[in-house]
Amino acid sequence: MGRTKEDASIGIIGMGDMGKMYAQRLSDAGWRINACDRPENFESLKQEFASQKGVTIFPNGHLVSRISDYILYSVEAGAIDKVVAQYGLSTKVGAIVGGQTSCKAPELAAFEKHLPPDVEIVSCHSLHGPKVNPQGQPLVFIQHRASDESLKFVETILSSFGSKHVYLTGEMHDRITADTQAVTHAAFLSMGTAWQANNQFPWEHGRWVGGIENVKINITLRIYSNKWHVYAGLAILNPAAKQQIRQYAESVTDLYKLMIGGQREELKLRVKAAGASVFRPGSEGQDLLLKDEVLDRFSLSNRPRGKAPPNSHLSLLAIVDCWSKLGIVPYDHMICSTPLFRLWLGVTEYLFRNQDLLDEALDTAIDDNTFRSDDLEFTFAARAWSDCVSFGDFESYRHRFERIAEYFAPRFPEAATLGNEMMKTILEKTTPNN
Ligand SMILES: NC(=O)C1=CN([C@@H]2O[C@H](COP(=O)(O)OP(=O)(O)OC[C@H]3O[C@@H](n4cnc5c(N)ncnc54)[C@H](OP(=O)(O)O)[C@@H]3O)[C@@H](O)[C@H]2O)C=CC1
Ligand SMILES: O=C(O)C(=O)Cc1ccc(O)cc1
């Protein structure tokens, strides 16, 4: 089997956003790519890639599989079993197969079930969206059923991304990404649900102006402007995600009950104990991931910031409570962190490492009822998303997601422009090793 750029070729099955990004970058780096999407997309895809040197589009996955030395499945996570069942037996003898889906348990199970035994398995996962520059971002390799030499080959192929290589088992990958991805998304999905339920575009309200709020708003809109199946797949199919999302919903509920019960001391004790277990003593001198001047630059609001209006920050208090209850130290998960996770951890850290700000949030939660209805809706939303993931029902996930996405859709263009700027600036500050 060929193992150099000159004699090997790479197959990509599923030419959606990620598949196209891989095809583009790998062919630019000099690799020969054989790619396909669904048969009905053959002609349009062929036209789209007509001028991309090194990329040949085929009508289906059989034709890609039989001639390629490394074959990457880049399809919806929920479809992986079906698609591998369809094309797996056409895999070239001695080839290596991998997948790009965000949850590895079903992907690896599909490979084991449907691939012939003489085929090796090395999976991967780029921990960023298709529009983010892969340079410096984590890229996970899973040497599931393969020699060291074959792992090296796959690493050589993907080395032109300049990503940070991380080596994990499928199980470790899923446990960490349940936190870095599934729970992170659950929090932002819940914010959007609450804003929609209260019929408000938050940046049009005086109380939603300033640093942390900018991040909440931009990320929420970014998620709702993307494809529902990416978020549904990585939450519903990940065995570790259900439990973690459920704990997040429980933490939200418990803290909200303390707030409306006026239980100031209990609330402070619980939140500060959680904070102490997540943000260990001794970290005070370290640089914050995010700083005011960065956070403040990216506002959708045209109101002056002035002093940031107080907010109970229930979503942030609850994630720290959740991490603490699950014994998770989020910094240990930086190896599998996505840009969104680093922003999420960044704003949480920003709140918890500023005692005045944290005390202000806790006092606001007890004394100020301005946020009560938002927090009530947020609590309902966190529980509803958790139920939706636990039931494992893709269609109801889709329905919920699309209903809320529709509400925010008119604002996507301006949010995307600002959100991209924000991501770029913040990524420069928070990318691992920077
Ligand atoms: N988007 C992201 O930010 C990231 C996504 N991922 C993961 O990568 C995978 C791909 O995601 P993404 O590119 O965003 O999703 P897309 O929906 O853009 O791409 C998936 C593509 O696979 C196609 N497909 C489905 N069935 C077949 C088949 N039988 N043969 C050939 N092609 C098929 C789909 O066609 P159709 O639409 O008609 O079904 C679609 O074009 C997902 O598993 C996702 O979880 C990983 C990292 C980041
Ligand atoms: O950064 C995020 O969490 C995203 O939303 C983009 C994303 C989605 C799916 C992945 O498997 C990896 C990254």
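See the structure printed just above.
Remember, it's a predicted structure, so these values are computed and weren't measured experimentally. (Residues numbered from 1 in each chain as written. Chains lettered and ligands numbered in written order. Predicted model: local features only at pLDDT ≥ 70, side-chain atom pairs only at ≥ 80, totals over all residues. Heavy atoms only, no water.)

### Let's talk about the site of ligand 1
With respect to spatial proximity, 25 residues lie near ligand 1, and among them D37, R38, V75, E76 and K227 are the closest. S102 is positioned such that a nitrogen or oxygen atom in its side chain is 2.7 Å from an oxygen atom of ligand 1. Considering ligand 1 on its own, with 880 Å² of exposed area, one finds that the protein chains cover 85% of that surface. Counting residues per element, the ones that place at least two in the shell around ligand 1 are helix 1 (17–28), helix 4 (80–87), strand 6 (120–126) and helix 9 (228–236). In terms of residue count, helix 4 provides more of the shell around ligand 1 than any other element does, three residues in total. A class-by-class count of the residues in the shell around ligand 1 yields eight nonpolar, 12 polar and five charged. Looking at which domains feed residues into the shell around ligand 1, each of domain 1 (9–167) and domain 2 (172–430) gives three or more. (Near = heavy atom within 4 Å. Polar contact = N/O pair within 3.5 Å; in protein donor to acceptor, adjacent residues only side chain to side chain. Areas by Shrake-Rupley, 256 points an atom, 1.4 Å probe, with all protein chains shown as cover. Helix = DSSP H or I, 4+ residues; strand = E, 2+ residues; numbered from the N terminus. Nonpolar A, V, L, I, M, F, W, Y, C, P; charged D, E, K, R; others polar. Domains from an automatic or database assignment.)

### Observations regarding helix 13 (residues 314–326)
With 13 residues, helix 13 extends 18 Å between its outermost C-alpha atoms, agreeing within 8% with the 18 Å of an ideal straight helix rising 1.5 Å per residue. Most of helix 13 is tucked away, with 10 of its 13 residues classed as buried. Following helix 13 by one or two positions, G327 has its phi on the positive side, about 70°. (Expected span 1.5 Å × (residues − 1). Buried < 20%, exposed > 50% of the residue type's maximum accessible area, 1.4 Å probe, protein only.)

### Things to note about the site of ligand 2
Around ligand 2, a shell composed of 13 residues is seen, among which S102, H125, Q181, H185 and T338 lie nearest. The side chain of Q181 places a nitrogen or oxygen atom 3.4 Å from an oxygen atom of ligand 2. Contact distances for ligand 2 include 3.2 Å between an oxygen atom and a side-chain N or O atom of T338. Burial of ligand 2 by the protein amounts to 89% of the accessible area it has alone, namely 330 Å². Those elements that place two or more of their residues in the shell around ligand 2 are strand 6, helix 7 (170–197), helix 9 and helix 14 (339–352). Per-element accounting of the shell around ligand 2 gives the leading share, three residues, to helix 9. A per-class count over the shell around ligand 2 returns five nonpolar, eight polar and no charged. Mapped onto the domain boundaries, the shell around ligand 2 takes at least three residues apiece from domain 1 (9–167) and domain 2 (172–430).

### Examining the packing of aromatic side chains
Enumeration over the complete set of coordinates arrives at 16 aromatic pairs. When the ring of Y407 is compared with that of F408, the centres are 5.1 Å apart and the planes differ by 80°; the resulting orientation is edge-to-face. Through a chain of ring-to-ring contacts, three or more aromatic side chains come together here, namely Y224, Y231, W385, Y397, F401, Y407 and F408. Its guanidinium or amino end placed over the ring of W385, R400 lies 4.4 Å from that ring's centre, counting from NZ or CZ. (Phe/Tyr/Trp six-rings, centres within 6.5 Å; stacked < 30°, edge-to-face > 60°. Lys NZ or Arg CZ within 6 Å of the ring centre and 35° of its normal.)

### Some points on helix 5 (residues 104–114)
Within the span of helix 5, buried status applies to K104, E107, L108, A110, F111 and H114. Buried residues in helix 5, looked at end-on, bunch into an arc of 155°, giving them a common side. Those residues of helix 5 that are buried are in contact with strand 4 (70–73), helix 4, strand 5 (96–99), strand 6, strand 7 (138–145) and helix 7. (Arc of directions from axis to C-beta. Contact = heavy atoms within 4.5 Å.)

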